[in-house]
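Take a look at the letters that make up each chain.
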Amino acid sequence: MRRRQFIGYIASAMATAPRILSAEAKNRPIVLGIFPRRNIKITYKLFTPLVKYLSFRLDRKVVLETTKSFQEFWGNVQQKNYDIVHFNQYHYIVSRKLYNYQVIAANKELDSSTIAGSIIVRKDSGISTVSGLKGKTILFGGSRRAMQSYIGATWLLRNAGLQAGDYIEKFSINPPNTIISTYFKRADAAGSGDSIMYLDNVRNRIDINELKILAQTKQMTHLPWAVNDDLSMALREKIQVILTTLNSHAEGKAILKSAHLSDILLATDSDFDEHRKIITDVYGADLGISTL
Amino acid sequence: MKNIKKNSLAGQFFILIAVIMVFAMVINAFVQYSNEARVINKSLNERVKSISELLASVSVESLLTFDYVTLDSYAEFTSKQKDVVFAVVVNKNGIPLTHYLNSENPYINVILDKYSNITIKNIITLLHDNPSILFHKTPVMFEGDFLAYALVGLDLEPYNKESIKTLWQTIFITVFTGIFVGGAIYLLFKDKIFRPIEVLTAGVKNMTRFEFDDKISIKGGGELVVLAELFDGMRLQLKSAIEKRDAVMQELSVLNDSLEERVHERTQELQMLNTKIAHEAMHDPLTGLPNRILIAEQIQQSIYHVKREKDSLAVMMIDLNNFKDVNDTLGHPEGDKLLVNVAERLADVIRESDMVGRLGGDEFAVVAPHVNESDAVKVANKILDNLQPSFALADYTLKVGASIGIAMYPEHALDQTSLIRLADVAMYEAKASKSGVCVFHPELDKYTALRLTLMDSLHNALETKQLHLHYQPQVVIGDNKVISVEGLIRWKHPELGWVFPDQFIPMAENSGLINLVSEYVLECAFKQWRRWQDEGYDIQVAINLSARNLVNPELPKFVAELSERYSMKKGGVKAEITESALMNNPDQVIEIMNDPGMQSLTFSIDDFGTGYSSLSYLKKLPVVEVKIDKSFVVNMETDDDDANIVKAVIDLVHNLGYQVIAEGVERKEIFELLTLLGCDKVQGYFLSNPVPADDVLEKIQKIELELS
């Protein structure tokens, strides 16, 4: 375990070394990486205004990069290709641990700065307890690294006494699709964040009134924004200020709206301790890094 | 072009060409349209199929990865393709797995405006019913497993509009081209065909109006010029023929007028002739009175009228007394004059509403409607009174009585035939009873029935020898010997018993049977004479011949045959002929009496003193004897006038050189008086009644014994 950790550190250091040298270079664009929560096209559409705004405010070219898959995205994280990165809580916690990414802010979505891992079923499914999911098909959003959709939901299953193998585990490309698929009865339950159900791209597609939250975790800080520790503190702070003050002016509000966000709030690493606990409960002390 | 008339050949030609062109090109346009529509339809089917299949193929991954958001983006992308109304992915139950619908699409927009809160599934169901949307459903499969359906609707409307627009453009171009080509063809043919035909048509129209002066000609060459020349030749021939015809027609018109005038004259003549014939058919030519037919018709009409008015009607039959004697003695011309005079008096005496007619001979009839029996008798007596004055003929003045029988409707009969018959019966009764007028009563009809029965039986009587001769002896005064007998006919009817001559001889006279009866009597006389001759008795047999016998040209031949058959000697049979029969047609009677066939007979004038005999004829007659009428004899012993007449007749006859015989001698005093007056023979019941042949000889012996 240690050996594997060590190799990871070395590889990471080797990969980021050239970037360190050029990150502060005036002409090098700042790379903003967005995890594939949505498809690439939508992601670009949502965050292009922010990118343009950052570029304007930083007086540097800011480029947006996203990937089609988490593997590819995680590869870029590992290589520290992103100067600013927006990802889920699990990836932040691991990247913090492995690559020292520093959280500077977190989302406020649907006027909520927190989110809880949830298990959602159809009201007409006849399932009333989490333990009733034994033998059922549970669709989780994204992958086993999805904080709320998988880890939070799995944590709820474990707490209900269901172990791996007691149910059929399936994955959709992202959390909204788990809810939509469950609505279309392609799974008996969906593992997802509690607020996902209320996103426009969910509630505009299905009648969420036919769904119910079977169980959910404590409310936890929303998706984080982190920066490469290669960035200078000044730049980090400047970026943090730009992001967390968007809601204070019209242009910023438009940018937030475009990104389907209520706000971007200041966040610190301690805001993610609850997440670490749950991850540890599910994956153990190594946070599941060995399975990445 | 604008001079084209719709009904002209040119017009029809133009219209025909244009119509054919337009029709052909419109058909072509429709065929093209159909082909294009088929190709477009096929292409659209392919397109919607390919879009549907494309959506299905890209949906596989999203469905496998539960990526409905991406799936929805595919649906959105597909929906935004040109003419795509919607593109959805549905599960096996038809539940849409994508939610995107283009709300700006007109079809969807209409539905959304109409229905609030409508589901995508229901929107698609409604769109499915729209014929303008082409659907295609492609199953989304992955390694043989069914995942969903990709359902795509393609809007056909733009293609349909484009097709219709293209079709109308083609039709417009087609119609324009058809009219243009038709017009061009017309212009090409106008001078070559239509103009010459117009000239020919005008020429023929002139001819149909009998106008032949305008020459028919066409410039140029070709068949139509030849045709025009032929038409012109026909024009000239027709002109000549019409002129000739008009001349003939003029002559015919004159002849026709003459013919019509003659026909009119003949028609008038025929009408007059028909009127005359109709009058003659209904009227007696001698008196001008209605004849039997018209009288019968009048009775019938009168019956109709009086029946309606519940009234009565009298039919009178009038018969002149002794008119036959007038004809016999004075001749038919005088008889006819008398009838004309009688007719005039009858016409004078009747009412305007009555009708008098002549039925034949001396028989007249009067039809008097609306009179009862009493009035009818008064009318009849008035008629008799009017006939009472003497009639002045050419050489004579005559008194003529009449007998009138009356039958009443409805008391006696209900139809005209019966009324005439019953009036006739009553008339005979009036004549028999000499009462002048007799109204019919049922008893009279019995006698009529008897007469009819006798008439019917007379033929049979002749054939079955029911007729017999009884003989009455004739005595020669002075010698008191019987040398002759008069054969008097008797009829022993098997049912009626003895029937006397006055009951059936008049009927025989009227019916023509008298010749047969007379021949029968002659044969009996000849036969009886021969029998007595053979027995040694020379007894002359006298018989009576009627006036009809004496105008029968067959009589001499019959007598000659009898004479030869019975070896008759002259005078063996004596024929008694009444004075009136002799005087009726004396020349013809004398001719027959002198016929050689009659030589075996001697002749006697019967009933002398009643027939207005002409002395000149008496002298010429080949008679040997004259018989004084018994009306002078029967009372002569008490009536001096009769005695004087008898004496005068005896003297006259003797002076003419004939013998005299008196009949009707019924008493001894008469017999003695006749003896004193110098009569030659007598005959009567004082001496003997007529007896059968077998009793004659015995009766003769008895008479001769009594007189001796």
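Being a predicted model, the structure only gives us computed values, none of them experimental.

Thoughts on the overall build of chain A
Next up, step 1: When its secondary structure is counted, chain A shows 10 helices and 13 strands.
Next up, step 2: Going through the 292 residues of chain A one by one, you find that 45% of them count as buried.

Some points on the confidence of the model for chain A
Next up, step 1: The share of residues in chain A with pLDDT of 70 or more is 90%, and the mean pLDDT across the chain is 88.
Next up, step 2: Here residues 1-23 of chain A is a poorly scored stretch, pLDDT under 50, and it has 21 contacts once near neighbours within four places are set aside; other chains count.

Focus on the nonpolar core
Next up, step 1: If you look at the biggest cluster of nonpolar residues, it comprises 115 residues, and the most contacted ones within it are Leu32(A), Ile120(A), Ile151(A), Ile179(A), Ala189(A), Val89(B) and Val152(B).
Next up, step 2: Other than its neighbours up to four places away in sequence, Val89(B) contacts Leu55(B), Ser59(B), Leu71(B), Ala75(B), Leu97(B), Thr98(B), Val140(B), Ala148(B), Tyr149(B) and Ala150(B).
Next up, step 3: Core analysis: the second largest hydrophobic core is formed by 71 residues, Ala461(B), Val485(B), Ile514(B) and Leu621(B) among them.

Thoughts on helix H11 (residues 416-433) of chain B
Residues and elements named next belong to chain B.
Next up, step 1: Over its 18 residues, H11 runs 25 Å from end to end, which matches the ideal 26 Å to within 8%, given 1.5 Å per residue.
Next up, step 2: Looking only at H11, the buried set comprises Gln-416, Leu-419, Ile-420, Leu-422, Ala-423, Asp-424, Val-425, Ala-426, Met-427, Glu-429 and Ala-430.
Next up, step 3: Of the residues flanking the end of H11, it is Lys-434, one or two places downstream, whose phi is positive at about 55°.

Some words on the sheet that holds strand E5 (residues 355-360) of chain B
Note: strands within a sheet are paired through backbone hydrogen bonds, in either parallel or antiparallel orientation.
Residue and element names in this part refer to chain B.
Next up, step 1: Read across the open sheet, the 5 strands follow the order E5-E6-E4-E9-E10; overall the sheet is mixed. The outermost strands of the open sheet, each flanked by one partner alone, are E5 and strand E10 (437-439). For this sheet, the mean inter-axis angle between neighbouring strands, taken without regard to orientation, is 20°.
Next up, step 2: Each of strand E4 (313-320), strand E6 (363-369), strand E9 (402-409) and E10 is contacted by helix H10 (residues 373-387), which is oriented at about 160° to E9, the strand it contacts most.

Focus on the pairing of strand E9 (residues 189-193) of chain A
All names here are of chain A.
Next up, step 1: In terms of burial, E9 is a largely internal element, 5 of the 5 residues being buried.
Next up, step 2: The pairing of strand E6 (residues 117-122) with E9 spans 5 bridges and is classified as antiparallel. Paired with Ile-119 across the bridge in E9 is Gly-191.
Next up, step 3: Examined bridge by bridge, strand E7 (residues 137-141) and E9 share 3 bridges and lie parallel to one another. If you follow Phe-140 over to E9, its bridge partner there is Gly-191.

Describing the sheet that holds strand E12 (residues 224-227) of chain A
All names here are of chain A.
Next up, step 1: Across the sheet, 6 strands lie side by side as E2-E1-E3-E12-E4-E13; this open sheet has mixed pairing. The open sheet is flanked by strand E2 (62-66) and strand E13 (263-266), the only strands paired with a single partner. Averaged over all adjacent pairs, the angle separating strand axes in this sheet is 25°, with direction ignored.
Next up, step 2: Across 3 bridges, strand E3 (residues 84-86) lies against E12 in antiparallel orientation. Looking across to E12, one finds that Val-85 is bridged to Ala-226.

Some thoughts on the environment of Phe323(B)
Residue and element names in this part refer to chain B.
Next up, step 1: Among the structural elements, Phe-323 can be located in helix H8 (residues 323-330).
Next up, step 2: Here the alpha-carbon distance between Phe-323 and Gly-335, two residues 12 residues apart in the chain, equals 7.5 Å.
Next up, step 3: Those residues in contact with Phe-323 that lie beyond four places of it in its chain are Gly-335 and Asp-362.

With respect to the packing of helix H3 (residues 70-78) of chain A against helix H4 (residues 89-99) of chain A
Residues and elements named next belong to chain A.
Next up, step 1: Taken N-terminus to C-terminus, the directions of H3 and H4 make an angle of 30°; their axes are 11 Å apart at the nearest point. As judged from the angle between their axes, H3 and H4 are roughly parallel. The handedness of the crossing between H3 and H4 is right-handed. Residues Trp-74, Val-77 and Gln-78 of H3 pack against His-91, Ser-95 and Tyr-99 of H4.
Next up, step 2: Taken together, the residues of the contact of H3 with H4 sort by class into 3 nonpolar, 3 polar and no charged.

With respect to the pairing of E7(A)
Next up, step 1: The element E7(A) is extensively covered by neighbouring structure, given that 4 of its 5 residues are classed as buried.
Next up, step 2: One crossover worth recording links E7(A) to the parallel strand E8 (residues 168-172) of chain A by way of helix H5 (residues 147-159) of chain A, and it is right-handed.

Re unusual backbone geometry
Residues and elements named next belong to chain B.
Next up, step 1: Omega for the bond connecting Tyr-409 with Pro-410 falls within 30 degrees of zero, at 5°, which places this linkage in the cis form.
Next up, step 2: As for its position among the elements, Pro-410 is in the loop between E9 and H11.
Next up, step 3: Phi is positive for His-370, close to 60°, though the residue is something other than glycine.
Next up, step 4: Mapped onto the secondary structure, His-370 falls in the loop between E6 and H10.

Some remarks on the packing of H4(A) against helix H10 (residues 273-283) of chain A
All names here are of chain A.
Next up, step 1: Orientation of H4 relative to H10, taken along the N-to-C sense of each, is 90°, at an axis distance of 10 Å. By the angle between their axes, H4 is roughly perpendicular relative to H10. Touching Gln-89, Tyr-90 and Ile-93 of H4 are His-275, Arg-276 and Ile-279, all from H10.
Next up, step 2: Grouping the amino acids of the contact of H4 with H10 by side-chain chemistry returns 3 nonpolar, 2 polar and 1 charged.

Conventions we followed
Residues numbered from 1 in each chain as written. Chains lettered and ligands numbered in written order. Predicted model: local features only at pLDDT ≥ 70, side-chain atom pairs only at ≥ 80, totals over all residues. Helix = DSSP H or I, 4+ residues; strand = E, 2+ residues; numbered from the N terminus. Buried ≥ 20, exposed ≤ 12 C-beta atoms within 10 Å, placed from the backbone. pLDDT = per-residue confidence, 0-100. Contact = placed C-beta atoms within 7 Å. Core = buried A, V, L, I, M, F, W, Y, C linked by C-beta atoms within 7 Å. Expected span 1.5 Å × (residues − 1). Pairing = 2+ DSSP bridges. Axes fitted to C-alpha atoms, helices over the stretch in contact; angles between N-to-C directions. Parallel < 35°, antiparallel > 145°, perpendicular 65-115°, else oblique. Left-handed = near helix turned anticlockwise from the far one by under 90°. Nonpolar A, V, L, I, M, F, W, Y, C, P; charged D, E, K, R; others polar. Right-handed = clockwise from strand over helix to strand, strands pointing away.

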